[in-house]
Amino acid sequence: MRFSFLFLAVLLSSLVQAQVSFAPALKPLFQKLTNAGFLQSTPLAKPLPTEPGTKLPDPVITDPEQAGSASDREIHIIKANTRFLGNLVFLDGGVHIRYRGYDITADSVQGDRLTQVFTLVGGAQLIGKDAVITAESITMDFKTRTYSVSQHRAVLHPELLGGNANGDVFLKGERGTGSETLIRTFDGSLTTCELDVPHYQIDGRDIVVRPEKRIILRDTRFRVLGRTWLRIPYLSIPLDTRRDRYTPQIGQSRDEGYFIKTLWGIPLEGDRDLDINVDYFSKLGAGLGGRYRFAGEANQGYLKAYGILGTDPTVELSGGYRQSFGANLLSIESNYQQRNYLNAPENTLWTSRASLQLPNGRNNTRISFYRTSNEGNTFQTVTQTVGISDDRSFGRLTRWNLGVNWVQNRSEFVSSSVKREQVEISFRGSHDVKKAVAEIEYQRTIPVGDTTNFFSSADRTPVLLVRTDSNRLFGPKFAKNLPFSTQLSIGEFANSATTSRIGRAHFDINVSKPDDSSSVQSWGGNLRFRQSMYSDNTAQYSAIVNSSFRRAFNERTALTIRYNYSKPTGFTPLSFDRLGQSNVATADLSAHPSRSFSIGVQTGYDFRFKENNLDTAWQQVSLRTEYRPNDSILARGLSTYDPTLSKWSNTRIDISVDRGNAFYGIGARYDGIRGTWGNLNLFVDGLKLGKITASALLNYNGYTKQFDTKQFSLIYDMHCTEAVLQVLESNVGFRPGRQVYFFLRIKALPFSTPFGTGTQGQPIGIGTGFGN
């Protein structure tokens, strides 16, 4: 009895959206809203049709070369008594055939080769790549890849459910039907337990599986160990891990105090769903809200509202809508926040955006709108942009992109206000003349109205450019031996330093040769020359060299030398033309004394340090090692020697051991300058202790002498379900503190936990970050 009660508790918690309490009472209210036109009404699929309607599983392709060919469309008879009457096919006597990549067995089969509709009767089985369907009868339309069934059982693999599930879903029912995007079963049951007599199953009058989205059951009965324990009218199981959790959350935080957060599902018909938030925070008060989502054949959208009804009320409203008009797409989204205690407790934020895309073959026109406002006690700022962009082709050789934006900015303070309007114009056109590509670029920001000290540093008014390469000029044979690319441009640019405009003529050529690492000895790198002349009688040229030489002494030892040189000569008034100087040679020696062990050393010499008589021109020396005796063990080390301080400044090691289900990892960093271990991190994942799987993640900071992060996870296996207990503690960063999670879940259904992530969702591992 105790096991049965525990199993029922696991089942109810893991099915995430089994809401009973006030759902029946609210259903008439939403029906009235639907009739009044406030909520979109999407009708249920029709009852079982006379023709197939449910999507077939993907086929098993026995011969990839014949998939979709004429031979693949032939009926391959393995076992059957066969009779043909024109296009009609009659098979009996224990049928086993393959047709269009599907493996089919039945007592008898009748079909039409012209319409490709077949009916299987008696012990019928259809095997596809993503599912196996067994039924008393199956009617299939191979042309539309749909089917209808009676007295059926189905095994739905994770791929059919969108890849988010972790195991098979077993479905059976009296009859089934559906559409291209769903699998539907009437008077059936669902489970993820593969036993002949499953530990649990969920019976439902109407079961709908929407791949990648959710599983919906109506008039549901929970059966555990063969007994009915609970009846509920509606159950929704998400198949998308990005959706919110429907299990209650109970905990304590610095901003919210002790809290309980719950999410309740309200049954709606069609491809719509409604969630209700009911929360309570000891520091903030009660929180109420809801989210309504809908989807049709050409549209989808959502509306969300949430508020905290305490001494300092918080309000958040958001919505989104997408509508397709053939190939055209309209998208609208808006978010309103008032006194959000997490990011803006004193402000009111409102952001809206909309866009209309009008594609036409290779051409595309987009109209967009964006507005954001931020209002506080002493200020208000508003930014609004209305724009249009057009991407268009003229034949195969000419293309342009034109964009026009009208931007308005307004800032109001207690004693002053600032208003600014401008029109931003950008144009880029290109024409291919076979030997080269000619381009024109124009970018200009024009003030509207009275604007003081207006200047745009991004203006290009205009720039003409011609680009070509060795392949275009001399063909692929020449380009293989001497690959190069070059460009010549002339134009006018904005000079932000003097708030003036500067004309520039520019020439750039780049010759490159890839390094052939397969040969014993090889050269590689690139040579680049840039020359610019400006309208203020200044000029600059730059020579850039990046070269490498590799010499392999044997199969396990190689020396690589690289040289990087860059030196601009002259003067440029434009900041984006300014290049740094470098004159550095580096050497890297790598060796593999054995197949399981490798060692490498790298250093460099900076000639500019020598020219300036600095203390040392030698760069840091890095020594790296790697030991991999087999596929499950890996140990790596990296040490850095600082010749200026004459000390080993930083040493990092990481060791990982993969023992199948269990993984062990250690990462450490020793700070030689301060003489202390800066970081020591430990990760254990999947350690089996009977039916318990344990995981732990510890990040120790040697400078502060404390753990930055401590995370523990315990999972108790109950065959098709499991109980998960996690304790996550963070002592640094955003919203530090301790969090305790307890989950009861079905293993086959998609699920993600916060273990291994920080308070901002960032991944945490055994890496030790940057050192000296």
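Rules used in this analysis
- Residues numbered from 1 in each chain as written.
- Predicted model: local features only at pLDDT ≥ 70, side-chain atom pairs only at ≥ 80, totals over all residues.
- Heavy atoms only, no water.
- Phe/Tyr/Trp six-rings, centres within 6.5 Å; stacked < 30°, edge-to-face > 60°.
- Helix = DSSP H or I, 4+ residues; strand = E, 2+ residues; numbered from the N terminus.
- Buried < 20%, exposed > 50% of the residue type's maximum accessible area, 1.4 Å probe, protein only.
- Lys NZ or Arg CZ within 6 Å of the ring centre and 35° of its normal.
- Contact = heavy atoms within 4.5 Å.
- Core = buried A, V, L, I, M, F, W, Y, C linked by side-chain atoms within 4.5 Å.
- Pairing = 2+ DSSP bridges.
- Disulfide = S-S within 2.5 Å.
- Salt bridge = Lys/Arg side-chain N within 4 Å of Asp/Glu carboxyl O.
- Patch = residues over 30% accessible without salt bridge, like charges linked within 9 Å, V, L, I, M, F, W, Y side chains within 5 Å.
- Areas by Shrake-Rupley, 256 points an atom, 1.4 Å probe, with all protein chains shown as cover.
- pLDDT = per-residue confidence, 0-100.
- Polar contact = N/O pair within 3.5 Å; in protein donor to acceptor, adjacent residues only side chain to side chain.

1. Quick notes on the packing of aromatic side chains
Considering all chains together, one arrives at 18 aromatic pairs under this definition. With 5.7 Å between their ring centres and 85 degrees between their planes, Tyr336 and Trp350 make a pair best called edge-to-face. Residue Tyr336 is found in strand 20 (residues 328–340), and its partner Trp350 is found in strand 21 (residues 344–360); the two are separated by 14 residues along the sequence. Relative accessible area serves as the criterion here: at 21%, Tyr336 is assigned to the partly exposed category. Look at Tyr700 and Phe707: their rings are 5.2 Å apart centre to centre, the planes differ by 70 degrees, and that puts the pair in the edge-to-face class. Phe707 gets classed as partly exposed once you look at its relative accessible area, which sits at 30%. Taken together through their ring pairs, the aromatic side chains of Tyr563, Tyr565, Tyr605, Phe607 and Trp618 make up a single cluster. Positioned over the ring face of Phe90 is Arg83, at 4.4 Å from the centre of the ring. Looking at Arg460, its charged tip hangs above the ring of Phe576, at a distance of 5.6 Å from the centre.

2. Quick notes on the environment of Asp103
With respect to the helices and strands, the residue Asp103 is situated in strand 4 (residues 102–106). Among the residues examined, Asp103 registers a relative accessible area of 15% and is labelled buried. Considering only alpha carbons, one finds Asp103 and Leu126, 23 residues apart in sequence, at a separation of 6.0 Å. Apart from the residues lying within four places of it in its own chain, the contact partners of Asp103 are His96, Ile97, Arg98, Gln125, Leu126 and Ile127.

3. Looking at the nonpolar core
Ile104, Ile138, Met140 and Leu156 are the most contacted members of the largest nonpolar core, which has 46 residues in total. Non-local contacts of Ile138, meaning those with residues more than four positions away in its chain, are made with Phe118, Thr119, Leu120, Ala124, Gln125, Leu126, Ile133, Tyr147, Ser148 and Val149.

4. Side note on the pairing of strand 30 (residues 521–534)
Bridging between strand 29 (residues 500–513) and strand 30 involves 10 bridges; their strand directions are antiparallel. Paired with Phe507 across the strands is Gln531, a residue of strand 30.

5. With respect to the state of the cysteines
Counted by the stated rule, this structure contains 0 disulfides. There is no disulfide at Cys193, and the cysteine sulfur nearest it, in Cys720, is 4.0 Å away. The buried category is assigned to Cys193, whose relative accessible area is 2%. For Cys720, a relative accessible area of 4% puts it in the buried group.

6. Some points on the pattern of salt bridges
A full pass over the atoms with the stated rule returns 30 salt bridges. Asp219 is the salt-bridge partner of Arg205, the closest N and O atoms lying 2.4 Å from each other. Remark: Asp219 occurs in strand 12 (residues 214–224) and Arg205 occurs in strand 11 (residues 200–210); sequence separation between them is 14 residues. Overall, the relative accessible area of 41% leaves Asp219 in the partly exposed class. A salt bridge links Asp275 to Arg291, with the nearest nitrogen and oxygen atoms 2.9 Å apart. Of this pair, Asp275 sits in strand 16 (residues 272–281) while Arg291 is found in strand 17 (residues 285–295), placing the two residues 16 residues apart along the sequence. Overall, Asp275 belongs to the buried group, its relative accessible area being 0%. You can call Arg291 buried: its relative accessible area is 13%. Each member of the salt-bridge network shares a partner with another, and the members are Arg428, Glu439, Glu441, Arg460 and Arg467.

7. Here we look at a nonpolar patch on the surface
Taken together, the side chains of Leu689, Ile692, Leu714, Tyr716, Leu725, Val740 and Phe742 define a hydrophobic patch exposed on the protein surface, amounting to about 640 Å² of accessible area. When contributions to the nonpolar patch are tallied by element, the ones reaching two or more residues are strand 41 (706–718) and strand 43 (737–746). Mapped onto the elements, Phe742 comes out in strand 43. A residue is classified by how much of its surface remains accessible, and Phe742, at 55% relative accessible area, is exposed.

8. So, unusual backbone geometry
Look at the link from Thr461 to Pro462: it is a cis peptide, with omega at -20 degrees. With respect to the helices, strands and loops of the structure, Pro462 is situated in strand 27 (residues 460–469). Phi angles above zero are rare outside glycine, and Asn537 is one such case at about 65 degrees. Within the secondary structure, Asn537 is located in the loop between strand 30 and strand 31 (539–554). Under the relative-accessibility criterion, Asn537 is labelled exposed at 77%.

9. Digging into the pairing of strand 6 (residues 117–127)
Working note: regular strand, side chains alternate between the two faces of the sheet. Across 3 bridges, the pairing between strand 4 and strand 6 is antiparallel. Across the sheet, Asp103 pairs through a bridge with Ile127, a residue of strand 6. Pairing geometry for strand 5 (residues 108–112) and strand 6, over 5 bridges, is antiparallel. Looking at strand 6, one finds that Val109 is bridged to Leu120.

10. Observations concerning the confidence of the model for the chain
With 87% of its residues at a pLDDT of at least 70, the chain reaches an overall mean of 82. Of all helices and strands in the chain, the one with the weakest mean pLDDT is helix 2 (residues 23–35) (38), whereas strand 22 (residues 363–375) scores best (96). Counting interchain partners and residues more than four positions distant, the pLDDT-below-50 stretch residues 1–54 has 122 contacts. Note on residues 61–72: pLDDT is under 50 here. Beyond four places in sequence and across chains, it has 11 contacts.

11. Things to note about the environment of Gln521
Within the secondary structure, Gln521 is located in strand 30. The class for Gln521 is partly exposed, based on a relative accessible area of 44%. Between the alpha carbons of Gln521 and Ala558 there is a distance of 9.5 Å; along the sequence they are 37 residues apart. Here Gln521 is in contact with Phe549, Arg550 and Arg551, once residues within four sequence places are set aside. At 3.3 Å, the side chain of Gln521 forms a polar contact with the side chain of Arg551.

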